[in-house]
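As a plain string of letters, each chain reads:
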Amino acid sequence: MKLKTLLVTSLLTASAMAADNNATQPLTVKQEGVKYIKMLGGALKTQLKAHMKKDPTGLDALAFCTGSADNITKEVNAKLPDYAKVRRTALKIRNNSVNTPDATDKKVMQAYESSIAAKTFTPKNIKVVQEGDVTRVYKPLIVKKVCLKCHGSNLDPKIADALKSAYPEDKAIGFKEGDLRGVIVAEIKKH
């Protein structure tokens, strides 16, 4: 019995020491990027959920996105170190004045779409791309049923009118549940 207690105590002590060592280790670039992605994604998701709960038609959530999503992105970026930023983009964008993808973004999103089509995709698939002194960390955003209120094919006429008014060049419709909606990207410069 004493031996068993000693072994358990030793294992617990070693485990606690390993946890302490991991807590003091610096974040990898990927971990740091995911942290920033979660900051932006969490802030947006919390607000969207609240607006959808307040008004299940989606109009209130659409008004929030139109008026506040870019400001929330700016607020999150203001909290990040000078060498980092986070943003959203997609292949089918709604707001082309701020969310237009570049060639690297497109390549990553096309790879996500290919893996969805091949049924090898997992939503936890974080892609890391190194370009010069910048590392990009990508997290995919997958269309859920609730997203279809503003991004689907059969939009309520009030939503469709509001979209046309706010985003005359809108391409972010016609999605199905499980499609790739876009990505959140963290960009971290070597420092």
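Data block above holds the structure.
Remember, it's a predicted structure, so these values are computed and weren't measured experimentally.

Helix and strand counts for the protein chain stand at six helices and four strands. Taking all 191 residues of the protein chain together, 34% fall into the buried category. Residue pairs in contact within the protein chain that sit at least 24 positions apart in sequence constitute 67% of those at least 6 positions apart. A total accessible area of about 12100 Å² is found for the protein chain, and carbon and sulfur atoms account for 58% of it.

Another aspect to go through is the environment of Leu48. When you line up the elements, Leu48 lands in helix H2 (residues 29-54). Note on Leu48: relative accessible area 30%, which makes it partly exposed. Residues Leu48 and Ala61, spaced 13 residues apart in sequence, show a C-alpha to C-alpha distance of 5.7 Å. Not counting residues within four places of it along the chain, the set of residues in contact with Leu48 comprises Ala61, Phe64 and Cys65.

If you walk through the whole model with that rule in mind, you get eleven salt bridges. In this structure, Lys54 and Asp60 form a salt bridge, with 3.9 Å as the shortest nitrogen-oxygen distance. Residue classification places Lys54 among the exposed residues on the basis of a relative accessible area of 64%. Overall, Asp60 belongs to the buried group, its relative accessible area being 17%. With a shortest N-O distance of 3.9 Å, Lys85 and Glu187 are connected by a salt bridge. Separated by 102 residues along the polypeptide, Lys85 in strand S1 (residues 84-89) and Glu187 in strand S4 (residues 180-189) bring together distant segments of the chain. For Lys85, a relative accessible area of 41% gives the class partly exposed. The exposure class assigned to Glu187 is buried, which follows from its relative accessible area of 13%. Residues participating in the shared-partner salt-bridge network are Lys85, Arg87, Asp102, Asp105, Glu131, Arg136 and Glu187.

Strand order in the open sheet formed by four strands is S1-S4-S3-S2, and the pairing between neighbours is antiparallel. Strand pairing shows two members of the sheet lacking a second neighbour, S1 and strand S2 (127-131), which therefore form its edges. Across the sheet, the axes of successive neighbouring strands diverge by a mean angle of 20°, strand direction being ignored. As paired elements, S2 and strand S3 (residues 134-142) share five bridges and run antiparallel to each other. Bridged to Val128 within S3 is Val137. Here H2 sits on the sheet in contact with S1, S2, S3 and S4, set at roughly 130° to S4. Sheet strands touched by helix H4 (residues 103-117): S1, S2, S3 and S4. Its angle to S3, the strand with the most contacts, is close to 40°.

Enumeration according to the criterion identifies one aromatic pair in this entry. Residues Tyr112 and Phe121 carry aromatic rings whose centres are separated by 5.9 Å and whose planes lie at 85° to one another, so their mutual orientation is edge-to-face. One residue, Lys127, lies across the ring of Tyr112, its end atom 5.0 Å from the ring centre.

Conventions used here
- Residues numbered from 1 in each chain as written.
- Predicted model: local features only at pLDDT ≥ 70, side-chain atom pairs only at ≥ 80, totals over all residues.
- Heavy atoms only, no water.
- Helix = DSSP H or I, 4+ residues; strand = E, 2+ residues; numbered from the N terminus.
- Buried < 20%, exposed > 50% of the residue type's maximum accessible area, 1.4 Å probe, protein only.
- Contact = heavy atoms within 4.5 Å.
- Areas by Shrake-Rupley, 256 points an atom, 1.4 Å probe, with all protein chains shown as cover.
- Salt bridge = Lys/Arg side-chain N within 4 Å of Asp/Glu carboxyl O.
- Pairing = 2+ DSSP bridges.
- Axes fitted to C-alpha atoms, helices over the stretch in contact; angles between N-to-C directions.
- Phe/Tyr/Trp six-rings, centres within 6.5 Å; stacked < 30°, edge-to-face > 60°.
- Lys NZ or Arg CZ within 6 Å of the ring centre and 35° of its normal.

This is a description of form; function is not addressed.
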